[in-house]
Amino acid sequence: MFEPTAPREAPIHPLALRLSGKAVLCVGAGAVSERRVNQLLEAGAQVTVIAPAAVPGIEELADAGGLTWLRRGYGPGDLEGMWLAHTATGDRELDARVSADAEGLRIWCVNASDHAASSAWTPAVARTEEGITVAVTAGGDPRRAAGLRNAIALAADTGLLPLRRRRAGAGSVALVGGGPGDPGLITVTGRRLLAAADVVVADRLGPRDLLKELDPSVRIIEVGKAPGDHLASQDEINAVLVREARTGNRVVRLKGGDPFVLGRGGEEAAHCRENGVAVEVVPGVTSAVSVPAAAGIPVTHRGVAAGFSMATGHDELTELPARPDHTLVLLMGVARLGRNTATLLGRGLRPDTPVAVIERGWTPDQRVTIDRLDSIAATAEAIGVANPAVVVIGDVVRLSPHAAGRLAPAVPAPGRQPLPVA
Ligand code: SAH
């Protein structure tokens, strides 16, 4: 718990209660009570509400049998057998009476209308996915407490807090899509899992900068594959994931882009499951869409292209649509760029169809090369285009600011109908 201000008197004593099956009395049935009642029910308490009238939420809970609602005023004897009381009647005097009666019976009581006189406070609470409960009190200022609670919850969700377990538990694997490389393009869930990981199995692609932020005690296992220089085989990677999880580690398999887009995430997930290792898959921002975007190319654009196909450049492109108004996105397409462009020309795609090759998208060394279908391969070769790169083929390439001057006709203004392409 977190107490930011020095209280005037003795500090409060934070305590976490197990309320499962315990009788709790709530006097009053307005909005404040409703929030509290829901928290108490979540904690498993047996809740009795006393009030002549109730907000619909409490009435519904009573009708459904979730709590007991005594439809009358508070009277002596109502606190009998209670472990805890909460009073929020909107009437300060009545709240004070409930509070005083509770005090006499040695029952802790939260008095919503008088923090100072309250023998117990309800903190602002956040629960994280990692089994952590954060409770904040702020010197009797509930909004301030809620604001702090929200900030802590956000920091926890976005991986900015050291959420790593210090006591060993069950091991698991998370296949996390890291996005194309920019540390801002991983998901919030991915970032949080990374912050909680004991072991990170990392690729050559993806948000490598995030690895530098990890606690020095986090083990990083590099399995990145550069074409032709296989650091670890897929079988070895699969084995590492299972081995590390079995020894009780939380393993994050940090992958470039999305784990299920040409990332062999499906195989890794299946291998974990077959070996009884709990595995979750966190989608990522795939380079197939985000790397074209980094060059200002939307893979679809109204009036220019209504769809796109993605493939690996290793495959023969004999089945894919070959039309300038259907965008082709090729991953791993550098080595066979010449063959692939020849295939597409042979299938009737216009020689002046624009092509973009985007190397190292979303990194400071990003390079965009734009040319016609019939000359891009020679251009790429001449300037030494290298992996990783995404190849985009189709009229959407004209929308890139990098296309200005390289291609005719001119780029249509966004939102306007494009000029007919010669
Ligand atoms: N699962 C990944 C793709 C893995 S295949 C995803 O969804 O993005 C590896 C290929 O992805 C590379 O050969 C390259 O074509 C492409 N790639 C990934 N990151 C890239 C980047 N930052 N810049 C350019 N290409 C990238």
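Residues numbered from 1 in each chain as written. Predicted model: local features only at pLDDT ≥ 70, side-chain atom pairs only at ≥ 80, totals over all residues. Heavy atoms only, no water.

A. Highlighting the sheet that holds strand β17 (residues 354-359). Strand order in this open sheet of five strands is β15-β16-β19-β17-β18, and the pairing throughout is mixed. Strands with a single pairing partner mark the edges of an open sheet, and in this sheet they are β15 (307-312) and β18 (367-372). For this sheet, the mean inter-axis angle between neighbouring strands, taken without regard to orientation, is 20°. Pairing analysis gives four bridges linking strand β16 (residues 326-331) to strand β19 (residues 389-393), with the strands arranged antiparallel. Within the sheet, the bridge partner assigned to Leu330 lies in β19 and is Val391. Lying over the sheet, helix α9 (residues 287-294) contacts β15, β16, β17 and β19, oriented at roughly 80° with respect to β19. Across the face of the sheet, helix α11 (residues 376-383) comes into contact with β17 and β18 while running at roughly 145° to β18. (Pairing = 2+ DSSP bridges. Helix = DSSP H or I, 4+ residues; strand = E, 2+ residues; numbered from the N terminus. Axes fitted to C-alpha atoms, helices over the stretch in contact; angles between N-to-C directions. Contact = heavy atoms within 4.5 Å.)

B. A look at the side chain of Ser118. Position of Ser118 relative to the elements: it lies in the loop between β5 (108-111) and β6 (124-127). What Ser118 contacts, discounting residues up to four positions off in sequence, is Cys109, Val110 and Asn111.

C. Structural detail: the site of the ligand. Near the ligand there are 19 residues, and of these Val261, Thr286, Ser287, Gly361 and Ala389 occur at the shortest range. Between the ligand and the protein, one listed contact pairs a nitrogen atom with a backbone N or O atom of Val261 at 2.6 Å. The separation between an oxygen atom of the ligand and a polar main-chain atom of Met332 is 2.9 Å. Contact with the protein chains covers 93% of the free accessible surface of the ligand, which is 550 Å². When contributions to the shell around the ligand are tallied by element, the ones reaching two or more residues are α9 and β19. Here the shell around the ligand is built from residues that sort into 11 nonpolar, six polar and two charged. Shared between two domains, the shell around the ligand takes at least three residues from each, and those domains are domain 3 (172-285) and domain 4 (289-403). (Near = heavy atom within 4 Å. Polar contact = N/O pair within 3.5 Å; in protein donor to acceptor, adjacent residues only side chain to side chain. Areas by Shrake-Rupley, 256 points an atom, 1.4 Å probe, with all protein chains shown as cover. Nonpolar A, V, L, I, M, F, W, Y, C, P; charged D, E, K, R; others polar. Domains from an automatic or database assignment.)

D. Broad picture of the domain arrangement of the protein. When cut into domains, the protein gives domain 1 (23-122), domain 2 (123-157), domain 3 (172-285) and domain 4 (289-403). Just the C-alpha atoms count here: the centres of domain 2 and domain 3 sit 30 Å apart. The interface is formed by four residues belonging to domain 2 together with four residues belonging to domain 3. Summed over both partners, the interface of domain 2 with domain 3 buries about 410 Å², with 41% contributed by carbon and sulfur atoms. (Buried area = accessible area lost by both parts, 1.4 Å probe.)

E. Representation of the packing of aromatic side chains in the model. Taken as a whole and assessed by the stated rule, the structure comprises zero aromatic pairs. One cation-aromatic arrangement involves Lys22 over Trp83; the distance from NZ or CZ to the ring centre is 4.7 Å. (Phe/Tyr/Trp six-rings, centres within 6.5 Å; stacked < 30°, edge-to-face > 60°. Lys NZ or Arg CZ within 6 Å of the ring centre and 35° of its normal.)

F. Spotlight on the pattern of salt bridges. Under the criterion given, the structure shown has 19 salt bridges. Across the salt bridge formed by Glu213 and Arg191, the nearest N and O atoms sit 2.8 Å from each other. Of this pair, Glu213 sits in the loop between α6 (209-212) and β10 (219-222) while Arg191 sits in helix α5 (residues 188-195), placing them 22 residues apart in sequence. Note that Arg350 is salt-bridged to Asp395, the shortest N-O span being 3.6 Å. On the criterion of sequence distance, the pair formed by Arg350 in the loop between α10 (337-346) and β17 and Asp395 in the segment after β19 is long-range, its members being 45 residues apart. (Salt bridge = Lys/Arg side-chain N within 4 Å of Asp/Glu carboxyl O.)

G. Local environment of the environment of Val285. Considering the arrangement of structural elements, one finds Val285 in the loop between β14 (279-282) and α9. Assessed through its relative accessible area of 31%, Val285 is described here as partly exposed. C-alpha separation for the pair Val285 and Pro180, spaced 105 residues apart in sequence, amounts to 6.8 Å. In this structure, Val285 is in contact with Gly179, Pro180, Leu185, Gly257, Asp258 and Ser290, ignoring residues within four places of it in sequence. (Buried < 20%, exposed > 50% of the residue type's maximum accessible area, 1.4 Å probe, protein only.)

H. Inspection of α5 at higher detail. Looking only at α5, the buried set comprises Gly190, Arg192, Leu193, Leu194 and Ala195. Where α5 is buried, its residues contact α4 (142-157), β8 (172-177), β9 (199-202), α6, β13 (250-255) and β14.

I. Spotlight on the nonpolar core. Grouped together as the largest cluster of nonpolar side chains are 20 residues, with contacts concentrated most on Ile297, Ala356, Ile358, Ile370, Val392, Val396 and Val397. If near-sequence neighbours (up to four positions away) are discounted, Ile358 is found in contact with Val291, Pro292, Ala295, Ile297, Gln366, Arg367, Val368, Pro388, Ala389, Val390 and Val392. Formed by 19 residues, the second largest nonpolar core is a distinct cluster that contains Ala322, Leu349, Val357 and Ile376. (Core = buried A, V, L, I, M, F, W, Y, C linked by side-chain atoms within 4.5 Å.)

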